[in-house]
Amino acid sequence: MEGQKDQNDLKIKRIAVAIIVIFHVVGLFGFLIPVAQPYFIKLIPFHLLLMFAVILFSYNADVKRLLLLVSGVFLCGFLVEVLGVHTGKIFGSYYYGDTLGYKVAAVPLLMGVNWVILIFSIGQMMKSMKIRNSILASVLGAFILVIFDFFLEPVAMKFNYWQWDWHEIPVQNYVAWFIVSVILLKFYYALGLKQQKYIGTAMFASQLIFFVVLYMTTGTNIFA
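What you see is a predicted model, and the numbers here were worked out from it, not measured in a lab.

### Quick notes on empty space enclosed by the protein
Thinking step 1. This model, assessed by the stated rule, comprises 1 cavity of 30 Å³ or more.
Thinking step 2. The calculated volume of the largest cavity comes to roughly 70 Å³.
Thinking step 3. Taken together, Glu81, Phe91, Tyr94, Tyr96, Met111, Asp149, Glu153, Trp162, Trp164, Asn173 and Trp177 form the lining of the largest cavity.
Thinking step 4. Only β1 (94–96), α6 (134–158), β4 (162–164) and α7 (171–191) provide two or more residues apiece to the lining of the largest cavity.
Thinking step 5. By residue class, the composition of the lining of the largest cavity is 7 nonpolar, 1 polar and 3 charged.

In structure tokens form, the structure reads like this:
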């Protein structure tokens, strides 16, 4: 009976990974084909919600802990963005475009969802590396997220996720990303979530490849 349960869970994980990879690959081609690009930009909110749903429905351990992570990271991530937009003191001076959908206090609600996806996926990936010290894992994970953000930022500006004042990405943004990521990852580790095979690594790797390719191929390279 236990073996059958494990087999079913593995099957769910494989389906989840397939959904993650297929939707990122299809989305990437959609962004790279000029005639299809406007339609795929409109699908970004759906894509983020789908990835969020994959995390929720493929998780096979203590759901209460997962929901606590989701609630905590969503609220913290969203509030940090609200403070950031309205004060310019955290990430720098920026504002959100219309790509990410419905906004509250000038910040898309999907930004909270995006923080959940990133923290869960990088946290899971760090766990797969068997780093036992949670502080070290949080710092390393945050550093990787800063690298991710380096490729994300110019792409986000290109497709109107958000815009920086004077079209310059301040160093302050990356410092703030690092600090916020360390705090949220430490929260992730404090909850002791069970590692989910393949899910986190597939999610983060797919997103990273997606933005790196767009960075390299759509004229978003800030050094070009």
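Having seen the model, we can carry on.
### Concerning the environment of phenylalanine 204
Thinking step 1. Along the chain, phenylalanine 204 turns up in helix α8 (residues 199–217).
Thinking step 2. In this structure the C-alpha to C-alpha distance between phenylalanine 204 and isoleucine 117, which are 87 residues apart in sequence, comes to 8.5 Å.
Thinking step 3. Aside from chain neighbours lying at most four places away, what touches phenylalanine 204 is Ser121, Ile122, Met125, Ile144, Leu145 and Phe148.

Analysis parameters
Residues numbered from 1 in each chain as written. Predicted model: local features only at pLDDT ≥ 70, side-chain atom pairs only at ≥ 80, totals over all residues. Heavy atoms only, no water. 1 Å grid on protein atoms, 1.4 Å probe; cavity = no way out; pocket = protein on both sides within 12 Å on 5 of 7 lines; lining within 4 Å. Points joined across faces, edges and corners; volume = space filled by probe spheres on them. Helix = DSSP H or I, 4+ residues; strand = E, 2+ residues; numbered from the N terminus. Nonpolar A, V, L, I, M, F, W, Y, C, P; charged D, E, K, R; others polar. Contact = heavy atoms within 4.5 Å.

By themselves, these are just geometric observations and shouldn't be taken as functional.
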